[in-house]
Amino acid sequence: MTSKPSKDSALKRRFGPAALITGASDGIGRAFATQLAEHGFDLILVARRGDVLQDMALDLGTRFGADVRVLAMDLSDPSAVPDLLSVTESAPVGLVVAAAGFGSIGPFLDQDMASEINMVDLNCRSVVELSYGFGQRMSASKRGGIVLFSSLVGFNGAPLSATYAATKGFVQSFAEGIAAEMRPHGVSVLSVAPGPVGTGFAARAGMQMGQAATPEMVAHASLGALGRKTTVRPGFLAKFLGWSLAMLPRWGRVRVMGIIMKGMTGKEVTVRK
Ligand SMILES: NC(=O)C1=CN([C@@H]2O[C@H](COP(=O)(O)OP(=O)(O)OC[C@H]3O[C@@H](n4cnc5c(N)ncnc54)[C@H](OP(=O)(O)O)[C@@H]3O)[C@@H](O)[C@H]2O)C=CC1
Ligand SMILES: CC(=O)[C@H](N)C(=O)O
């Protein structure tokens, strides 16, 4: 049995002892895993690349004494979340961070349809299933936290990233709804709505990002907001763009978002009022 040198923090007392993190092998999910291990949480790490998760488990166990379990699965597969819920049935999970997700860029009609549907499955369906399964367990024990990932692009249509932005709009709306429902049952739900973050996301989506927040900053700001807010916009850029866009009519927001997305692709776009 490893001794635990890490902090027994207020966060762990409120949401521990274990956290389940999807998309833990990279980017924002990975940063959450490290920071939660530092807070003294035991972890269940979920992503497709089991070898990467195993290396993390060894590292976080050695550095923080965290008890880390690895679940290598493709969450876009319809059987994945039911399997995950079944194998974690007796695990003391007080916090779920559902970071697994991906995006695409370019005109909708040029996209690969199977990949767009796969995105909806991962970014939306798996998030609903996870929130339902763990939400029930947490409500029964009258405590817990669920962190979901919206985006700066989740508050209106985004030409050249239409499906991705719609999945994030879905998550934003879903999170706001279940946050109000679950709060009286002792469960805190947080929607994280970052602007560009410097992870492998952009390369996978074929996007070019300029100024970007770090995944560590996003994880830190989100853990600070959990239990206090329903939506957090981590970093200056997310706040500044979010507030600026909020002042425009919806069609204006769509037009500005088209310009922003064009800058990330170099492709032309026409948006009608
Ligand atoms: N980066 C950004 O600019 C922003 C990101 N977001 C959102 O934040 C979340 C995290 O993004 P970020 O960390 O940047 O992305 P990354 O691409 O860096 O990481 C994505 C993670 O999701 C996992 N993943 C991808 N597909 C699947 C799948 N089918 N099943 C299980 N796991 C999967 C990947 O692991 P593996 O390949 O091993 O499966 C990886 O761990 C996403 O929901 C994203 O939409 C929101 C706003 C901005
Ligand atoms: C489009 C972006 O800048 C970002 N990747 C996001 O998810 O919002």
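How each quantity is defined
- Residues numbered from 1 in each chain as written.
- Chains lettered and ligands numbered in written order.
- Predicted model: local features only at pLDDT ≥ 70, side-chain atom pairs only at ≥ 80, totals over all residues.
- Heavy atoms only, no water.
- Helix = DSSP H or I, 4+ residues; strand = E, 2+ residues; numbered from the N terminus.
- Rg over C-alpha atoms; globule rule 2.2 N^0.38 Å.
- Contact = heavy atoms within 4.5 Å.
- Areas by Shrake-Rupley, 256 points an atom, 1.4 Å probe, with all protein chains shown as cover.
- Lys, Arg positive; Asp, Glu negative; His and termini not counted.
- Charge placed at Lys NZ, Arg CZ, Asp CG, Glu CD.
- Near = heavy atom within 4 Å.
- Polar contact = N/O pair within 3.5 Å; in protein donor to acceptor, adjacent residues only side chain to side chain.
- Nonpolar A, V, L, I, M, F, W, Y, C, P; charged D, E, K, R; others polar.
- Buried < 20%, exposed > 50% of the residue type's maximum accessible area, 1.4 Å probe, protein only.
- Arc of directions from axis to C-beta.
- Core = buried A, V, L, I, M, F, W, Y, C linked by side-chain atoms within 4.5 Å.
- Pairing = 2+ DSSP bridges.
- Axes fitted to C-alpha atoms, helices over the stretch in contact; angles between N-to-C directions.
- Parallel < 35°, antiparallel > 145°, perpendicular 65-115°, else oblique.
- Left-handed = near helix turned anticlockwise from the far one by under 90°.

**Q** Would you mind showing me how to read the overall build of the chain here?
**A** From N to C terminus, the chain includes ten helices and seven strands. Taken over the C-alpha trace, the chain has a radius of gyration of 18 Å; the compact-globule value for 273 residues is 19 Å, and the two agree within 12%. By principal-axis analysis of the C-alpha atoms, the chain measures approximately 60 × 40 × 35 Å. By sequence separation, contacts in the chain at least 24 residues apart represent 72% of the contacts at least 6 residues apart. Total accessible area computed for the chain in this model is approximately 12600 Å², and 57% of it derives from carbon and sulfur atoms. Of the side-chain charges in the chain, 28 are positive and 21 negative, and the distance between the mean point of each set is 11 Å.

**Q** For this particular structure, what's the right way to read the site of ligand 1?
**A** The local shell around ligand 1 holds 31 residues, among which Arg 48, Arg 49, Tyr 164, Thr 199 and Arg 204 are the closest. At a separation of 2.9 Å, a nitrogen atom of ligand 1 approaches a polar backbone atom of Leu 75. Contact with the protein chains removes 96% of the 890 Å² of surface that ligand 1 exposes when unbound. When the residues that make up the shell around ligand 1 are grouped by side-chain class, the tally is 15 nonpolar, ten polar and six charged.

**Q** Can you walk me through helix H4 (residues 80–87) in this structure?
**A** Since one α-helical turn is 3.6 residues long, residues separated by three or four positions face the same way. Inspection of H4 places Ala 80, Val 81, Leu 84 and Leu 85 among the buried residues, and these make up the whole buried set. Angular distribution of buried residues about the axis of H4 spans 130 degrees; they occupy a single face of the element.

**Q** How should I be thinking about the site of ligand 2 in this particular structure?
**A** Inspection of the region around ligand 2 gives Ser 151, Val 153, Tyr 164, Pro 196, Phe 201, Met 207, Met 209, Met 261 and Met 264 as its neighbouring residues. One of the side-chain nitrogen or oxygen atoms of Ser 151 is found 2.3 Å away from an oxygen atom of ligand 2. A distance of 2.5 Å is found between an oxygen atom of ligand 2 and a side-chain nitrogen or oxygen belonging to Tyr 164. Surface burial for ligand 2 is 94%, taken as the share of its 250 Å² of free accessible area covered by protein chains.

**Q** In this structure, what is going on with the nonpolar core? I would like to understand it.
**A** Across soluble globular proteins, you tend to see nonpolar side chains buried next to one another. With 38 residues, the main nonpolar core has Phe 32, Leu 36 and Leu 43 as its most contacted residues. Take this core: its biggest share by element is six residues, from helix H2 (residues 27–38).

**Q** Teacher, can you tell me more about the sheet that holds strand S3 (residues 68–72) here?
**A** Where strands meet in a sheet, backbone hydrogen bonds hold them as pairs that are either parallel or antiparallel. An order of S3-S2-S1-S4-S5-S6-S7 is seen for the seven strands of this open sheet, with the pairing classed as parallel. Two strands in the sheet have a free side with no partner beyond their single neighbour: S3 and strand S7 (231–232). Two strands pair when backbone bridges link them, and strand S1 (residues 18–22) and strand S4 (residues 93–98) are joined in this way by five bridges, in the parallel orientation. When the sheet's bridge partners are listed, Ile 21 is paired in S4 with Val 97. In the packing of helix H3 (residues 50–64) onto the sheet, contacts are made with strand S2 (42–47) and S3, and the angle to S3 comes to roughly 175 degrees.

**Q** Got a minute to help me understand the packing of H2 against H3 in this structure?
**A** Two measures define how a pair of helices packs: the angle their axes make with one another and the distance between the axes. Contact geometry of H2 with H3 gives a least axis separation of 10 Å together with a crossing angle of 25 degrees. On the basis of the axis angle, H2 is roughly parallel to H3. Every pair of crossing elements has a handedness; the one defined by H2 and H3 is right-handed. Contact with H2, carried on its side by Arg 30, Ala 33, Thr 34, Ala 37 and Glu 38, involves Val 52, Met 56, Leu 60, Arg 63 and Phe 64 of H3 and no other residues of that element. Each residue belonging to the contact of H2 with H3 can be placed in one class, and the counts come to six nonpolar, one polar and three charged.

**Q** How should the packing of helix H5 (residues 113–141) against helix H6 (residues 162–182) be read in this particular structure?
**A** Relative orientation of the contacting elements H5 and H6 amounts to 10 degrees, with a least axis distance of 9 Å. Comparing the axis directions of H5 and H6 gives the class roughly parallel. From H5, Glu 116, Met 119, Val 120, Asn 123, Cys 124, Val 127, Val 128, Ser 131 and Gly 135 reach across to H6, where they touch Thr 163, Tyr 164, Thr 167, Lys 168, Phe 170, Val 171, Phe 174, Ile 178 and Met 182. Residues of the contact of H5 with H6, tallied by class, amount to eleven nonpolar, five polar and two charged.

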